[in-house]
Each structure stands twice: as structure tokens, then as C-alpha cells.
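# Examining the three-dimensional arrangement
These are the residues of each chain, in order.
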Amino acid sequence: MTSQYAVSGLASGIDTKAIIDSQIAVARLPTVALEARRADFTNRLNLTRTLNTKLLSTQLDISSLLKSSTFASRSATSSATATLTASASSSAQVGSHTFTVQSVAAAQQISSRGFASSGTLIGTGTVSIQVGIGALSTITIDNSNNTISGLAAAINAANTGVTAAVINDGTANPYRLTLTSKTTGAANTINFDTSALVGGQSATFAAVLAGSANTSTGPVSLPAAFTKPVPYTLRVTASGDETTAAFEVSYNNGTSWSAVANPGTGSLDLGNGVTANIGVGTYDITDTWSVGAYQHLVSAADSSVQYGTGLAALTVTSTTKQIKDIVPGLTLDLVSASATPVTVTIANDGQPALDGIKKVITDLNDVIDFWKTNGGYDANTKKPGPLANESALRSGVNAVISSFTGTVSGLPRGLSALTAVGVSVDKVTGKLSLDEAVFKAKMASDPDGVGRLFSTSGSSTAPSIQFVSMGEKTASNTAFSVNVTQAATQATLTGYAALGASTVINSTNNRLRMTINGTIYDITIASNTYSRSAMVAHLQSSIDTLAGANQVTVALDGSDQLVFTTKAYGSAFSLTTTDVGASDARAALSLAATTVSGVNVAGTINGVAATGLGQALTANAGSSAEGLRLLITGAAGTTGSVTGIRGLGQITYNRILALTKASTGSVPQKEDTYTKLISGLDVQIKRNDAKLATRRAYYEAQFLAMESIISKTKSQSDALMQGLAAFQNSSTNSNSNRSN
């Protein structure tokens, strides 16, 4: 640091700055040594942090080897991907299956008659749309949207369950409104009612078109006039030809039927001005027709798949193009129908496990290289690495490597070490390598065994006592005795009497208030007369809609009493019914005002009381079983023995966890030590530099005073010399005058 009083020897000619700098430099040598130490500690801190990052990355990749799904992965291969593709979950069993795709689910698409322009006025009023048994949507049509294109935009903006579009088919009246259901499935047909429109071309919407959905053993043709937009349904009630067959018609989608006279002329009067002309042919009692105001471009259809071949084959349907769990764990995505059977082969898929072990080996080799460079001895330079003296870190790194390359006590000898799956250790470098062919072969033959080598596994002598997991402190390969003293229960609410064989619900008794696991739900029961089974189904559907599926089941017990049961077990789950006033449904359902809760499991592990939560029983701290977690499905009095075994991956994971754990791990502790040392050195360096700055200022002040004195002395000398010179000049002049 240079003071504002810095001098440069102007008076003395001495380089005072150089003298001061050299003095300060000598005095600062101890501080330079401190800075070198700080740089060394900073380097060590950064290297320790890098080691921590590498260890945590290894731990993250090891976590994939701890998942059972990694080793239970399945692949599904289709012999005809143009017909169907397939995927399999870890629960799918290895094997081959044959399927025939009979049909693929489709969303209904209908079209109106054509119009001259997309701007043709269609009238005003309202239109309604309903898909299947979904919600009925009503859309107001006014002067802002009373064209074909305006109607399409209004439908799309109203979230009606369909997509509307205006197409141009190139005919004389090319513009047609098309509606496409957003949901596939035969039940999801579109009901589009335009009867409330008046004015414009609204009558054109009511014109009937015979569509491809109208099929039978005899042809049907329809006139152009049709004033009832709700689809007519026509069916045969007695077989015969066009003159003798008997028919019925429904105006409400099959809810009620009316007989249709057959005069034998080939023309049937369906009412409301609609006449169906039936052609020559045989009409079977199974024939039905759906007659609507719109042309069917695509019929609503379910997917249908035949499983197996021959007389024993099973047929499965779905409302979507995807069918799950015909075979447990197998998902089929249907592409097209085909009479040719497709073979789907489910096999073990070792790729996720292979990818996982390769990542971990790469990570560990990276740690080995890092420690060799920074914690070992360089034979070429004959110098140790910066972390060579950190014995705690060295021990931790060695423990991580040895954990992964060790053996697992309790597993079969043939699959208790890495060598069994193709992993070897170089004797010179200590680095790991993998023989992929050996690993793939072992995964193909015994994926569960490979999984146990890396992850945690457990066994139980009692089927109703299942091993779930073990904690960091749970002793491995140790048998723990288990005694169940109380079984877990669900919350079960039962009616006080049998549900009536026929229950009438109306506005006086249509509300049921139920609190499910602390949340209140108001259930409105639709007015109707219900059988016992219909009431159970309606209540179940209502609860599923409000509270979500897999919350509560509704059933009848042996005495026909209603029974509500939570899906989950334990004291955290409860059911309550409360009064809602005049429209309360509890009396009609034979339900009392009550609250019920489940019960947690209770028992001991290795003779020590354990903690129960639902069906989970966990060993408490302080015993060798600490952290052991079990699933108990048995009754009170059930006993058994459970043994948990940590695989190499879990052991290594725990080693890294202990090594990198905040405040207690060797790596964070070393980081903290270096941070404190660096902070202490920063304080010393700052203090020393402050002292040197004071010393520099002192030196500069002293030299400045010296220069000032020299400067003054020089000025006086100069004045004296000038005086002497003047005196001499005066004397010379005086002598010259005398001579003259």
C-alpha cells in the first residue's frame, strides 16, 4: 500500500520508495507464507467438495439398483406391430400369448347436410349436445354465432365433449358441420339436438340421412324429411320378410318402445312424419337400426380382442384403443383389426439393470481415479497428492469401494459377489470392469437373484407377515421374531337394519352427508326406485365421483345391511354420517348417525414393542431390528420370523450416506475444517496487512521529514552561495575601479 505522503527522493536523490518497498516485502514474508497456506487449504477444500459431488453422483446412480423394478423389467414384443403393439410392467410373467384384434375402438363422427356457404344462417335459439350418458351441454345461438362456422366455434368453446369442424366436400352444397366425439367407445354416441333453432336454415338440420350405422339383413332407405332430431331406434320383434316382420320404434334411445304397423307395402310409418322404406329381404329378430338427423361418418365402436384360439378363446372389449391386464401386467395398444392372430412375447428385460450397473461402475472408477491423483503418491514426481494426509477421507473412499466389491452374507454362494454377474477388479489399478455377456445371461436366467445381490431383500416364515424394508441400523442377515398382538382394521360403517328390497328416493330423502377420512362430502341420490343392488351401485358411483376411486367400498352384508368400508387400514381413516335436515337419506338407507375409525396393527419385533401405522409394523430405535418395516395382514396371535439382507448396492449406498452426511460425515466435517482454517488465515492476513500499512505510512512520513530537512538545508546553502557569489562580484568590481 502506498501512502498519500509517498516520496521519491527529489531532495536527497535517494530512491526512498524502493527502500520502503523492500523493507515492507521483508516484513511481509510471514504473511506470504500464510497466503500460501490459504491457497493450499482452498485447493484441498475444492478437492474435498469435488469428492463429495462424485460420491453423491455415485449414490444417486446406485439408487436405481435398489429398486426391484430395475431387475423385474419386462419387454413385450408383437409379431405384427401393424395390428397391435404391447408393453409389459414388472408384474407380467414371462411367456407368449395369442390375440386376434376383431375391432378397434372408434369415436363417433357425424355430419350435417350440406350448405351453400360456411356463413349460411342457421337460425337462433339453443342447441344441445350429449355424448353417451355424459353431461348435457346447452349452447345459445344468437346473431353473433348463427352461421355454420359460428356454431362450430361456439361448440368448441363450450367444452361439450365433441370437436366441431366445417368441411368442404366439393359438392353443390359443400359446407357441412361435422361433430367428432372426444371419447371412443360404442356407448359414447353423439346426441345433437337442434330442434330449438328457429329461422334461417334450421329446418335443414332436422333432415334425416341414412348412414352406415343403419345395417340389417334387409336394406332400409329413408326420406329426406325428418322433424325429430333425437335418434329413432327401430327393431324387429318377430322375424319375417319385408311384408310379415313385426317392428317397434323408440323415440328415447330405447327407454320405451311402440309397435309399428307393417302394412306389407315395404313402408313403415314411424310417426312424426318419418317413413322408413324397407327393402326386400329377411328381417331377423336381432336386427336394429338407429335413425338420426345426421349422417354417420364414423360409428362409435368398442375395441374387441380375442385371447387365445379355438372354442376356448375369450373375448375382451374396451371403450378405448388400449386394453390392459388381459394378461396381468400386459398392455395392448390396438392399431387395426385383422383376422390374423398376433403373438405377443413377454421376456425379461435386462437392459435397465445393465444400464444401471454400467453407470455405477463408471462412477466408482471415477472416484478411484480421483483419489489416486489427489490422495495417493505420484511415483513420477515423487510427491504426495494434496489429500494424501487425509486418513479419514482415504478410509471412507476405501470403505465405499470395498463395500461394492465385497460379498453378501446370507445369499447363495453362487450369487453373493460381483464376479457372479461379470464384474471384476483390476489387481493393479483397482478399477472395475463388466463382462456384459455374463451379466445379460445371469439377468435372463435369474433376474430376482441379481436383484437381491444389489438391493435389499427379506424373507418371512409366515405368509401374513411380509418384509417391506430395513433401516440403516437394522442388522442384516439376522432373524427377528414377530408377534402380532392386534390386527389392523379398516373403518367400517354398517347400517342398523336391512336395506329395503325397494327404496324410493325423492326430494324428501335424497341427501346423504358422509365424512370420509376427515373430508365432508354431500351425496345427492337421484330420484328413483332402487333395488338393493342398484342402490349399492349408485352410492358407490357417487362416492367414487366425489371422493375418488379407491377410497370407500359400498356393499351389502349377509343381512342385507349397507356396509361402507375404507380401502385403507388404521386409525387415520374414518367414516361419519351426519344429519342434513329434511332431505336426509339415512332413514331410507337404515343408517344411524355415527363415527367409526380403523385400528392400527400392534405387536412386537424381537420381543420389543413396535410402532403400528395401518398394517405397517416398524421396529423402534434401540434394538438391532431398528428400522425394520413389516406389512401385517394376519390376525392377532400370528407369529413368525423375518430376515432382511442388504445387497452390495444398499451397503454401498449406506456407506456413501454415512460418509457424506451433513455434520457427521467425514467429507462434510473435512470441508468444515478447511473452511474454518481458511477463515482464520484470512483474519491473520488482513491483520498483518493492516500493520504493514501502518509501518509503510511511518516510513514514508520519516523519509518525507528527511527530504524536507534536506530541501531546507539545500535552500539555505543555495542562498549562502548566492550571497558569497554576490560578495565576490562586488569585491572584483571595487578593485577594478581603484586601478583605474
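Owing to the predicted nature of the structure, the values given are computational and were not obtained by experimental measurement.

### Notes on the overall build of the protein chain
- Scanning the protein chain from N- to C-terminus turns up 13 helices and 46 strands.
- Contacts in the protein chain between residues far apart in sequence, at least 24 positions, make up 68% of those at least 6 positions apart.
- Accessible surface for the protein chain amounts to roughly 36100 Å². Of this, 53% is attributable to carbon and sulfur atoms.

### Looking at the environment of I326
- As for its position among the elements, I326 is in the loop between β22 (322–324) and β23 (330–334).
- Between the C-alpha atoms of I326 and Q306, which are 20 residues apart in sequence, the distance is 10.0 Å.
- Apart from the residues within four sequence positions on either side, I326 is in contact with F99, V305, Y307, V316 and L332.

### Some points on the nonpolar core
- Membership of the largest hydrophobic core comes to 47 residues, with the highest contact counts inside it found for V421, F439 and F454.
- The element contributing the most residues to this core is helix α6 (residues 351–375), with 10 residues.
- If near-sequence neighbours (up to four positions away) are discounted, F439 is found in contact with G350, A353, L354, I357, V421, L434, V450 and F454.
- With 24 residues, the next largest nonpolar core counts I516, I523, I525 and A585 among its residues.

### Things to note about the packing of aromatic side chains
- For the structure on display, the rule yields six aromatic pairs.
- Summarising the aromatic geometry, the rings of F247 and Y283 are spaced 5.8 Å apart at their centres and angled 75 degrees between planes, so their arrangement reads as edge-to-face. Taken as a pair, F247 in strand β13 (residues 246–250) and Y283 in strand β17 (residues 282–283) lie far apart in primary sequence, 36 residues in all. The same class applies to F247 as to Y283, namely buried.
- With a centroid separation of 6.1 Å and an interplanar angle of 50 degrees, the aromatic rings of Y698 and Y699 are classed as tilted.
- With relative accessibility at 22%, the residue Y699 sits in the partly exposed group.
- Members of the aromatic cluster, connected to one another through ring pairs, are F71, F404 and F454.

### Comments concerning the sheet that holds strand β32 (residues 490–494)
- As summarised here, the arrangement of the three strands in space is β32-β38-β37, forming an open sheet in which the pairing is antiparallel. Two strands lie at the open edges of the sheet, namely β32 and β37 (552–556), each paired on one side alone. Strand-to-strand twist across the sheet, computed as the mean angle between neighbouring axes with direction ignored, equals 20 degrees.
- Strand direction decides the pairing type here: β37 and strand β38 (residues 562–569), joined by five bridges, are antiparallel.

### Re the side chain of R176
- Topologically, R176 is positioned in strand β8 (residues 175–181).
- A relative accessible area of 18% means that R176 is categorised as buried.
- For R176, the side chain forms a polar contact with the side chain of D169, separated by 2.7 Å.
- Beyond its immediate chain neighbours, meaning those up to four positions away, R176 contacts S111, S112, R113, G114, A165, V166, I167, D169 and Q295.

### What about the pattern of salt bridges?
- Summed over the entire model, instances satisfying the criterion amount to 19 salt bridges.
- Across the salt bridge formed by D522 and R511, the nearest N and O atoms sit 3.8 Å from each other. On the criterion of sequence distance, the pair formed by D522 in strand β35 (residues 519–524) and R511 in strand β34 (residues 511–516) is long-range, its members being 11 residues apart.
- Given a relative accessible area of 36%, D522 falls into the partly exposed group.
- In this structure, D579 engages R586 in a salt bridge whose closest nitrogen and oxygen atoms are separated by 3.7 Å.

### Topic: the sheet that holds β35
- Taken in spatial order, the four strands make up an open sheet running β35-β34-β39-β40, and their pairing is antiparallel. Looking at which strands have only one partner, the edges of the open sheet turn out to be β35 and β40 (594–597). Between one strand axis and the next, the sheet turns through 20 degrees on average, direction left out of account.
- Direction of pairing for β34 relative to strand β39 (residues 574–578): antiparallel, over a ladder of four bridges.

### Here we look at the packing of helix α2 (residues 29–62) against α6
- Closest axis-to-axis distance for the α2/α6 pair is 9 Å, and the angle between their directions is 165 degrees. Comparing the axis directions of α2 and α6 gives the class roughly antiparallel. In the crossing of α2 with α6, the sense of the turn from one axis to the other is left-handed. On α6, the residues that touch L47, T50, L51, K54, L55, S57, T58, D61 and I62 of α2 are K359, V360, D363, L364, D366, V367, F370, W371 and N374.
- Classifying every residue of the contact of α2 with α6 gives nine nonpolar, four polar and five charged.

### A short note on helix α1 (residues 16–27)
- Across its 12 residues, α1 extends 17 Å between first and last C-alpha, which sits within 8% of the 16 Å expected from 1.5 Å per residue.
- Within the span of α1, buried status applies to T16, I20 and I24. For α1, the angular spread of the buried residues around the axis is 65 degrees, confining them to a single face.

### Re unusual backbone geometry
- If you check the backbone angles, N159 has positive phi at about 55 degrees while not being a glycine.
- Of note, N159 is situated in the loop between α4 (148–157) and β7 (162–168).

### Focus: the packing of helix α8 (residues 436–445) against helix α9 (residues 447–454)
- Orientation of α8 relative to α9, taken along the N-to-C sense of each, is 115 degrees, at an axis distance of 5 Å. Judged by the inter-axis angle, α8 sits roughly perpendicular to α9. Across from F439, K442, M443, A444 and S445 in α8, the residues of α9 making contact are P447, V450 and F454.

Quick notes on the rules
Numbering of residues starts from 1 in each chain and follows the order in which that chain's sequence is written. Per-residue local features are limited, in this predicted model, to residues with pLDDT of at least 70; the limit for side-chain atom pairs, both in listing and counting, is 80 or more; totals at the level of whole chains, interfaces and linings are taken over all residues. Each side-chain value is derived from all of the structure's non-hydrogen atoms; neither hydrogens nor water enter the calculation. Helix and strand definitions here come from DSSP, where helices need a minimum of 4 consecutive H or I residues and strands a minimum of 2 consecutive E residues; each element is numbered from the N-terminal end. Note on definitions: a residue-residue contact is assigned when non-hydrogen atoms from the two residues lie within 4.5 Å. Only the protein chains shown count as cover for residues, with accessible areas throughout obtained via the Shrake-Rupley method and a probe of 1.4 Å. Note on terminology: a nonpolar core comprises buried Ala, Val, Leu, Ile, Met, Phe, Trp, Tyr and Cys residues joined through side-chain atoms within 4.5 Å. Each residue's exposure class comes from its accessible area (1.4 Å probe, protein chains only) as a fraction of the maximum for that residue type: buried when under 20%, exposed when over 50%, partly exposed otherwise. Ring geometry is summarised as follows: Phe, Tyr and Trp rings, the Trp one being its six-membered ring, pair when their centres sit within 6.5 Å, and such pairs are stacked at plane angles under 30 degrees, edge-to-face over 60 and tilted between the two. In short, DSSP must find at least two bridges between two strands for them to pair. Fitted lines through C-alpha atoms serve as axes, helices being fitted only where they are in contact, and the angles separating the N-to-C directions of these axes extend from 0 to 180 degrees. Contacts described as polar in this section are N or O atom pairs within 3.5 Å, which, within protein, must combine one atom able to donate a hydrogen with one able to accept it, while residues neighboring in sequence count only if both atoms come from side chains. The term salt bridge refers to a pairing of a side-chain nitrogen on Lys or Arg with a carboxyl oxygen on Asp or Glu at a separation within 4 Å. Should an angle lie under 35 degrees it is considered roughly parallel, over 145 roughly antiparallel, and from 65 to 115 roughly perpendicular; all remaining angles are considered oblique. Handedness of a crossing is defined here by the sense of rotation of the near helix relative to the far one, left-handed for an anticlockwise turn of less than a right angle and right-handed for a clockwise turn. Basically, the charged four are Asp, Glu, Lys and Arg, the nonpolar ten are Ala, Val, Leu, Ile, Met, Phe, Trp, Tyr, Cys and Pro, and anything else, Gly included, counts as polar. Here, expected helix span is obtained from the residue count minus one, scaled by 1.5 Å. Think of it as the arc spanned by the lines of direction from the helix axis to the C-beta atoms.

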